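So the chains spell out like this:
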Amino acid sequence: MARERLQKVIASAGVASRRECEELILTGVVRVNGRVVDSLPAFVDPQTDAISVDGKRLKPPQRVYFALNKPKGVICTNRDPEGRKVAVDLVRCPQRIFCIGRLDADTTGLIVLTNDAELANHLTHPRYKVPKTYIATVKGRLDAEAVQRLKRGIWLAEGKTGKATVKVLKAGNQESSVEITISQGLNRQVRRMLANVGVPVKSLKRTSIGKLKLQDLAVGRYRPLTKAEVAALQAAPTATQTQSGRARTKPPGSNGRRRDGRKTDAS
Ligand code: URA
């Protein structure tokens, strides 16, 4: 998680105003991980650093979790140098939060915002293959062969994508729609996979992350996650529990073994 100014973290814990907390720091009564910090600027991670004022330990901020239906044109970084709207600004929350993973600016749908760096790592680390489902509207017809290719995996610049679950929801000559579930997070992966089989994406929406569903949350709206939803995300399958879904980095014909002779989990 990004580090924050020490005086802001102390003030958010209700000790005093930000200005007063600056003065407290300068008087030498603030310790971070046991060491006195008496000069500014000073930065801390409020979740992991032990901060005390006058010997009294501050409680780490409460962990918060939200599901947002991200609108088009909104980006998932906490600040945009180009001045575009950012997802964190759509969620009213006194804690400093961030998006877990990213959706493209043009993609709508489910994104989780939190201050829990551990959960963020769990859901985005390539080791943890958390399935994510998208509905895409594409140009043209998605035929049976294209569906089979998507299911088996598509060769992209990074390697072969893992197995996908694919369900055609509507097939038309001009436009089709398809539900696709992948367990990786390559940049613009769904768009590139669909373009690769000849059906460029017109619109893309994420509808689930693991067991968490977007349901009927309106575009631009958010809601706190329930305890059960957070627990389900924390328990999302890990690499040792799921053996498919990673981009293969060797072309077809390789024996799926590492140089040390052990099998890779992509084979
Ligand atoms: N795949 C994409 O192409 N875009 C997203 O935003 C997410 C997955």
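Residues numbered from 1 in each chain as written. Predicted model: local features only at pLDDT ≥ 70, side-chain atom pairs only at ≥ 80, totals over all residues. Heavy atoms only, no water.

What follows concerns the overall build of the chain. Broken down by element type, the chain carries six helices and 17 strands. Here the chain holds 267 residues, and 43% of them are scored as buried. Summarising the internal contacts of the chain: among those between residues at least 6 apart in sequence, 62% fall at separations of at least 24. Here the chain displays about 15,000 Å² of accessible surface, and carbon together with sulfur accounts for 48% of that area. (Helix = DSSP H or I, 4+ residues; strand = E, 2+ residues; numbered from the N terminus. Buried < 20%, exposed > 50% of the residue type's maximum accessible area, 1.4 Å probe, protein only. Contact = heavy atoms within 4.5 Å. Areas by Shrake-Rupley, 256 points an atom, 1.4 Å probe, with all protein chains shown as cover.)

Let's shift gears to the site of the ligand. In the region of the ligand, the neighbouring residues are Leu103, Asp104, Thr107, Tyr134, Arg188, Gln189, Val190, Arg191 and Leu204. In this structure, a nitrogen atom belonging to the ligand sits 2.7 Å away from a side-chain N or O atom of Asp104. Between the ligand and Thr107 there is a distance of 3.0 Å, counted from an oxygen atom to a side-chain nitrogen or oxygen. Starting from 240 Å² of accessible surface for the ligand in isolation, the protein chains cover 95%. Comparing atom positions with the cavity grids shows the ligand to sit within the largest pocket. With three residues, helix 5 (residues 189-196) is the largest single contributor of residues to the shell around the ligand. Considered class by class, the residues forming the shell around the ligand number four nonpolar, two polar and three charged. Looking at the shell around the ligand, you find at least three residues from each of domain 2 (65-125 + 218-234) and domain 3 (132-214). (Near = heavy atom within 4 Å. Polar contact = N/O pair within 3.5 Å; in protein donor to acceptor, adjacent residues only side chain to side chain. 1 Å grid on protein atoms, 1.4 Å probe; cavity = no way out; pocket = protein on both sides within 12 Å on 5 of 7 lines; lining within 4 Å. Sits in = over half its atoms within 2 Å of the grid points. Nonpolar A, V, L, I, M, F, W, Y, C, P; charged D, E, K, R; others polar. Domains from an automatic or database assignment.)

With that settled, consider the confidence of the model for the chain. For the chain, per-residue confidence averages 88 on the pLDDT scale, and residues scoring 70 or more make up 87% of the total. pLDDT under 50 marks residues 238-267. Its contacts with residues more than four places away, or in other chains, come to 46 contacts. (pLDDT = per-residue confidence, 0-100.)

Our focus in this paragraph is the side chain of Gln189. Mapping Gln189 onto the fold places it in helix 5. In this structure Gln189 comes out as buried when scored by relative accessible area, which is 3%. For Gln189, the side chain forms a polar contact with the main-chain nitrogen of Leu186, separated by 2.9 Å. Contact partners of Gln189, with chain neighbours within four places excluded, come to Thr161, Ile182 and Gln184.

Before going further, it helps to examine helix 4 (residues 144-152). Those residues of helix 4 that fall on the buried side of the exposure criterion are Ala146, Val147 and Leu150. The buried residues of helix 4 occupy an angular sector of 100 degrees when projected down its axis, which confines them to one face. For helix 4, exposure combined with an orientation more than 90 degrees from the buried face picks out Ala144, Glu145 and Arg152. For helix 4, the elements touching its buried residues are strand 13 (165-170) and helix 5. Gly153 sits one or two residues past helix 4 and shows a positive phi near 125 degrees. (Arc of directions from axis to C-beta.)

Applying the stated criterion across every chain, the model contains 13 salt bridges. With a closest N to O distance of 3.8 Å, Arg19 and Glu23 form a salt bridge. One end of the pair, Arg19, and the other, Glu23, are both in helix 2 (residues 18-26), four residues apart, so they sit about a helical turn from each other. Two residues, Lys202 and Glu175, come together in a salt bridge whose shortest N-O distance is 2.5 Å. On the criterion of sequence distance, the pair formed by Lys202 in strand 15 (residues 201-209) and Glu175 in strand 14 (residues 175-182) is long-range, its members being 27 residues apart. Lys202 sits in the partly exposed class, given a relative accessible area of 41%. Each of the salt bridges in this network shares a partner with another, and the network as a whole consists of Arg19, Glu22 and Glu23. (Salt bridge = Lys/Arg side-chain N within 4 Å of Asp/Glu carboxyl O.)

As a further point, take the layout of surface pockets. The computed volume of the largest pocket comes to approximately 750 Å³. Surrounding the largest pocket, 36 residues form its lining, Arg102, Gly185, Leu186, Asn187 and Arg188 being those nearest its centre. Classifying every residue of the lining of the largest pocket by side-chain character gives 16 nonpolar, 11 polar and nine charged. Split by domain, the lining of the largest pocket shows at least three residues from each of two domains, domain 2 (65-125 + 218-234) and domain 3 (132-214). Looking at the second largest pocket, its volume works out to about 470 Å³. (Points joined across faces, edges and corners; volume = space filled by probe spheres on them.)

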